[in-house]
Amino acid sequence: MLAQLIEADNPENSKKHWKNYIKKADSLTISRKRAKNQFADVIYSSKKDREENLELKTQKAEKELQLERQKNRNIILYISILFILSALLFLFFRLARKGKKEKNEAIYKSETRISKKLDAELANDLYQTLTLVKNGDLEQNENKEQLLNNLENIYSKTRNISKENSFILTDENYISELKEMISGYKTDKVNILMQGFDAVRWNEIDKNKKIILYRVLQEVFLNMKKHSEATLVSTIFKINKKNIIVTYADNGIGTRNHNFILKNGLQNVESRIKTINGTITFDKNSDNGFKLSFTFPI
């Protein structure tokens, strides 16, 4: 309208209309720029909001993924712990059952051995003594002396069997008990040498190991008494770092010309040493006597 008035009106009025036109045009331009800027701000803000929302969604997704991974790790951990505990319980009960079985077998073997020894060593003596009492004239000095000898022999054998299966002291009296047991195999024909016993700190050794050592030496000397025909026996103790080394040797019949097979007592010796993480070596090629050595940690 102002543009048309500028063209149609007189010059004086057209000049006024021109000024108004310029103002309106400038105002319109400014308004349009402001509207455009506001629209740009809206677009920028909207874009920024979308980016922030996308970032938040990404962070949320990552957090949910981490939680899911943590949850899976926890599940795997719980399953692993449950599996390990189950395995340990199974192993515990298995070892306990095995230990109980081995203990029962050891008791059975011990009872069987005692029964055999009683039958082999005492039955005949008892029968002869009973026969002597029943049929002999005990008024005669010869028969009376024979009866006393038989009874003393029976008592001696019974005492030896009792000692072989008696309770073993593991306190400060252990070393004297051990020496006494070994000395019990000394006779007029058998001389026994003992070395290094006092060099061992016996109070630092586990009670179970003391008992096993006692039984092992008992088995070895019993084997010597039965089979070796030795007249000289040596037992030596040595300390090597944290291990005890025991060496046994005798001048008996040896093993080279005999089939060396672990039986009964010697087999028990080997199995006993293994139970305390020890090792044992037999000299299987000796012409002059028998020798073995075993080692176990203190």
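Look above for the structure.
Cut-offs used in this document
Residues numbered from 1 in each chain as written. Predicted model: local features only at pLDDT ≥ 70, side-chain atom pairs only at ≥ 80, totals over all residues. Heavy atoms only, no water. Helix = DSSP H or I, 4+ residues; strand = E, 2+ residues; numbered from the N terminus. Buried < 20%, exposed > 50% of the residue type's maximum accessible area, 1.4 Å probe, protein only. Contact = heavy atoms within 4.5 Å. Areas by Shrake-Rupley, 256 points an atom, 1.4 Å probe, with all protein chains shown as cover. Core = buried A, V, L, I, M, F, W, Y, C linked by side-chain atoms within 4.5 Å. Phe/Tyr/Trp six-rings, centres within 6.5 Å; stacked < 30°, edge-to-face > 60°. Arc of directions from axis to C-beta. Salt bridge = Lys/Arg side-chain N within 4 Å of Asp/Glu carboxyl O. Patch = residues over 30% accessible without salt bridge, like charges linked within 9 Å, V, L, I, M, F, W, Y side chains within 5 Å. Lys, Arg positive; Asp, Glu negative; His and termini not counted. Charge placed at Lys NZ, Arg CZ, Asp CG, Glu CD. Polar contact = N/O pair within 3.5 Å; in protein donor to acceptor, adjacent residues only side chain to side chain. Pairing = 2+ DSSP bridges. Right-handed = clockwise from strand over helix to strand, strands pointing away.

Before going further, it helps to spend a moment on the overall build of the protein. Helix and strand content of the protein: six helices and five strands. Listing every helix and strand of the protein by position from the N terminus yields α-α-α-α-β-α-β-β-α-β-β. The buried share of the protein, reckoned over its 298 residues, is 23%. In the protein, the proportion of contacts linking residues at least 24 apart, taken out of those at least 6 apart, comes to 62%. If you sum the accessible surface of the protein, you get close to 22500 Å²; carbon and sulfur atoms cover 54% of it.

Counting 38 residues, the largest nonpolar core has L178, W202, L213, L217, F237 and F294 as the members making the most contacts within it. Counting only elements with at least two residues in this core, the list comes to α4 (174-183), α5 (207-228), β2 (232-240), β3 (243-250), α6 (264-275), β4 (279-282) and β5 (290-297). For this core, the element with the most residues is α5, which contributes nine residues. The contacts of W202, once residues within four sequence positions are left out, are Y174, I175, L178, F197, K210, L213 and F237.

Counting across every chain of the model gives eight aromatic pairs. Measuring from ring centre to ring centre gives 6.3 Å for Y248 and F290, while their planes differ by 55°; the resulting arrangement is tilted. Here Y248 is found in strand β3, whereas its partner F290 is found in strand β5, with 42 residues between them in sequence. This pair shows no difference in class: Y248 is buried, exactly as F290 is. Aromatic ring contacts, followed pair by pair, group Y185, F221, Y248, F282 and F290 into a single cluster.

Below, the discussion takes up α4. Every buried residue of α4 is accounted for by Y174, I175, L178, M181 and I182. One side of α4 holds all its buried residues, which, seen down the axis, span an arc of 125°. Taken together, the buried residues of α4 touch β1 (191-195), α5 and β2.

Glancing now at the pattern of salt bridges. Per the stated rule, a full pass over the model turns up two salt bridges. Across the pair K179 and D198 runs a salt bridge, and its minimum N-O distance is 3.2 Å. With a gap of 19 residues between them, K179 in helix α4 and D198 in the loop between β1 and α5 connect regions that are remote in the sequence. Residue classification places K179 among the partly exposed residues on the basis of a relative accessible area of 27%. Residue classification places D198 among the exposed residues on the basis of a relative accessible area of 67%. A salt bridge links R201 to E204; its shortest N-O distance comes to 3.5 Å. Given a relative accessible area of 59%, R201 falls into the exposed group.

Next up on the list: a positive patch on the surface. Among the surface-exposed residues, K15, K16, K19 and K23 lie close enough to one another that they form a single positively charged patch. Take K16: it is sitting in helix α2 (residues 11-135). Classification of K16 as exposed rests on a relative accessible area of 53%.

Before going further, it helps to spend a moment on the side chain of S228. Topologically, S228 is positioned in helix α5. Among the residues examined, S228 registers a relative accessible area of 8% and is labelled buried. Within the structure, S228 has its side chain in polar contact with the backbone oxygen of M224 (distance 2.8 Å).

Moving on to the pairing of β2. When β1 meets β2, the two strands line up parallel, connected through five bridges. Bridging from a neighbouring strand, M194 pairs with T235 of β2. Taken together, β1, α5 and β2 form a β-α-β motif whose crossover is left-handed. Of the strand pairs in this sheet, β2 and β3 are connected by eight bridges, and their pairing is antiparallel. Paired with T235 across the strands is Y248, a residue of β3. Once β2 ends, the chain turns through two residues before running back antiparallel as β3, passing K241 with a positive phi of about 60°.

Turning our eyes to something else, we now look at a nonpolar patch on the surface. A cluster of nonpolar side chains, L77, Y78, I81, F83, I84, L85 and L88, forms an exposed patch at the surface whose accessible area comes to about 750 Å². In this structure, L88 sits in helix α2.

Turning to a negative patch on the surface, a few remarks are in order. A surface patch of like charges, here negative, comprises D49, E51, E52 and E55. Following the sequence through the fold, D49 ends up in helix α2.

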